[in-house]
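# Results of the structural survey
Each chain, letter by letter, is given below.
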Amino acid sequence: MAANTIWTIKKLINWTTQFFKKHGIESPRLDAELLLSHVLHKSRIYLYTDFDLIVNPSELAQYREYIKKRISGFSTAAIIGEKEFMGVTLKVNEHVLIPRPDTETWLEKVIQYHRNEPGLTVADLGTGSGAILLSFLYFCREDRGVGIDISEKALEVARENSKNLKLDDRIEWRQGDFLSALGKDELFDGILTNPPYIPSSDIKDLDSEVLHEPHLALDGGFDGLDFYRRLAKDSASFLKPGGFLAAEFGIHQAETVLELLKSSGHFVSFEVIKDYGGIDRALYCRKKLES
Ligand code: GLN
């Protein structure tokens, strides 16, 4: 980025797009736009309406820092502290997993299945930024939920997001370890979760962007399946008859997760949902009406 050039928005975006491409960044133009709009405190649309605007030196300096950080392995969401998920903007930081588009694919389905059943109460286990619970309640306006996370710092982010989205009056945030944070007599209409599912020994091989995310939100034990064993053993006792369980899992885990839940004997109507890449990504099932 030569110092003697007059940098307009257009030039900056084009230059950065090429630069990011060279560094193997997946969505170079989008990232360039998101970073620049953050520096300028403007929406992305504004970049296009003011393509020829000259960016001032202090903004340019900040943008340069962002670009360096991006190619050093931080995701754009981590840099700007924000991520779009299910059409809503969520605050994110180093204490939460950054919500993924892959989670949107199954969550959209689950919302479709249940949006015409007002009055449900759902639990989100390992809520992180609150992404899953917040989007569910954003679209299911008459429902309520409990969001659980072991990390108090993650819950701070979730709480802030729920206030920003004006959903806090329908949510109880609760600190605790997965299902053990639920009360003995609590019964939900649905349980949603994107638990940690990376096998412990694979954590070190993750992309640097993921490595900047909390390991607590990623590490699923030696084979990555610890949390599905817990779901198979205990989740049904917190569901009403016919209540649903929707759980995301990792690549190559579909068969084992399905088997675990099936062999528990508590569930029926199993459906495996694929992500944008056509990879099996989540399981949806219902608790038997009688058990
Ligand atoms: N989807 C994340 C990844 O592949 C993992 C999320 C999780 O463990 N729940 O890096």
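Residue positions are given per chain, counting from 1 as you read along its sequence in written order. Confidence filtering applies because this is a predicted model: local features only for residues at pLDDT of at least 70, side-chain atom pairs given and counted only at 80 or more, and all residues used for totals across whole chains, interfaces and linings. In computing side-chain properties, one takes all heavy atoms of the structure into account and sets aside hydrogens as well as water.

## Some points on the nonpolar core
Membership of the largest hydrophobic core comes to 35 residues, with the highest contact counts inside it found for Leu125, Leu179, Ile191, Tyr228, Leu231 and Leu245. Those elements that place two or more of their residues in this core are strand S3 (121-125), strand S4 (144-149), strand S6 (188-193), helix H10 (226-234), strand S7 (239-248), helix H11 (254-263) and strand S9 (280-287). Working rule for contacts: check all heavy atoms of both residues, and any pair within 4.5 Å makes them a contact. Residues contacting Ile191, with those up to four places away along its chain left out, are Ala123, Leu125, Leu179, Ser235, Phe238, Leu239, Phe244, Leu245 and Ala246. The next biggest cluster of nonpolar side chains, apart from the first, holds 28 residues, and it includes Val88, Trp106, Ile132 and Leu192. Nonpolar cores were defined as sets of buried Ala, Val, Leu, Ile, Met, Phe, Trp, Tyr and Cys residues, with membership established by side-chain atoms within 4.5 Å. Relative accessibility under 20% of the residue-type maximum defines a buried residue, over 50% an exposed one, and the middle range a partly exposed one, all with a 1.4 Å probe and only protein chains included. The helix and strand labels rest on DSSP assignments: H or I over at least four residues marks a helix, E over at least two residues marks a strand, and numbering proceeds from the N terminus.

## Considering the environment of Ala217
Mapped onto the elements of the fold, Ala217 is located in the loop between helix H9 (208-211) and H10. For the pair Ala217 and Ile198, spaced 19 residues apart in the sequence, the C-alpha separation amounts to 9.2 Å. Excluding residues within four positions of it along the chain, Ala217 makes contact with Leu97 and Pro196.

## What to know about the packing of H10 against H11
Viewed as axis vectors pointing N to C, H10 and H11 meet at an angle of 20°, and their least axial separation amounts to 8 Å. When the interaxial angle is binned, H10 and H11 end up roughly parallel. Viewed along their axes, H10 and H11 form a crossing whose handedness is right-handed. Two secondary-structure elements touch here, H10 through Tyr228, Arg229 and Ala232 and H11 through Val257, Leu260 and Leu261. Classifying every residue of the contact of H10 with H11 gives five nonpolar, no polar and one charged. For every element, the axis is a line fit to its C-alpha atoms; helices are fit only across the contacting stretch, and the angle between N-to-C directions ranges from 0 to 180 degrees. An angle below 35 degrees is read as roughly parallel, one above 145 as roughly antiparallel, one from 65 to 115 as roughly perpendicular, and any other as oblique. Each crossing gets its handedness from the near helix: less than a right angle anticlockwise from the far helix is left-handed, clockwise is right-handed. Only Asp, Glu, Lys and Arg are considered charged in this grouping, and only Ala, Val, Leu, Ile, Met, Phe, Trp, Tyr, Cys and Pro are considered nonpolar; every other residue, Gly among them, is considered polar.

## Observations concerning the packing of aromatic side chains
Stacked, edge-to-face and tilted labels apply to pairs of Phe, Tyr and Trp rings (six-membered ring for Trp) whose centres lie within 6.5 Å, assigned for plane angles under 30 degrees, over 60, and everything in between, in that order. Under the criterion given, the structure shown has eight aromatic pairs. When the centroid spacing of 6.2 Å and the interplanar angle of 75° are considered together, the rings of Trp7 and Trp15 count as edge-to-face. A relative accessible area of 6% places Trp7 in the buried class. Here Trp15 falls in the partly exposed class, since its relative accessible area comes to 27%. Each ring, one from Tyr113 and one from Tyr284, has its centre 5.1 Å from the other, and the planes form 65°; the classification is edge-to-face. Within this pair, whereas Tyr113 is found in helix H6 (residues 101-114), its partner Tyr284 is found in strand S9, the two being separated by 171 residues in sequence. With a relative accessible area of 34%, Tyr113 lands in the partly exposed category. Placement of a positive charge over a ring is assigned whenever Lys NZ or Arg CZ falls within 6 Å of the ring centre and within 35 degrees of the normal to the ring plane. Directly above the aromatic system of Tyr46 lies the positively charged group of Lys42, at a separation of 4.9 Å from the ring centroid.

## Some remarks on the sheet that holds S6
Read from one edge of the open sheet, seven strands run S5-S4-S3-S6-S7-S9-S8, paired in mixed fashion. The open sheet is flanked by strand S5 (171-175) and strand S8 (267-274), the only strands paired with a single partner. Direction aside, neighbouring strands of the sheet carry axes that sit 15° apart on average. Across the sheet, H11 lies against S7, S8 and S9, angled at about 165° from S8, the strand it touches most. Here, any two strands with at least 2 DSSP bridges between them count as paired.

## A word on the pairing of S6
The buried count for S6 comes to six of six residues, which makes it a mostly enclosed element. As paired elements, S3 and S6 share four bridges and run parallel to each other. Bridging from a neighbouring strand, Leu125 pairs with Thr193 of S6. Here S6 pairs with S7 via five bridges, running parallel. Bridge pairing in S7 places Leu192 opposite Ala246.

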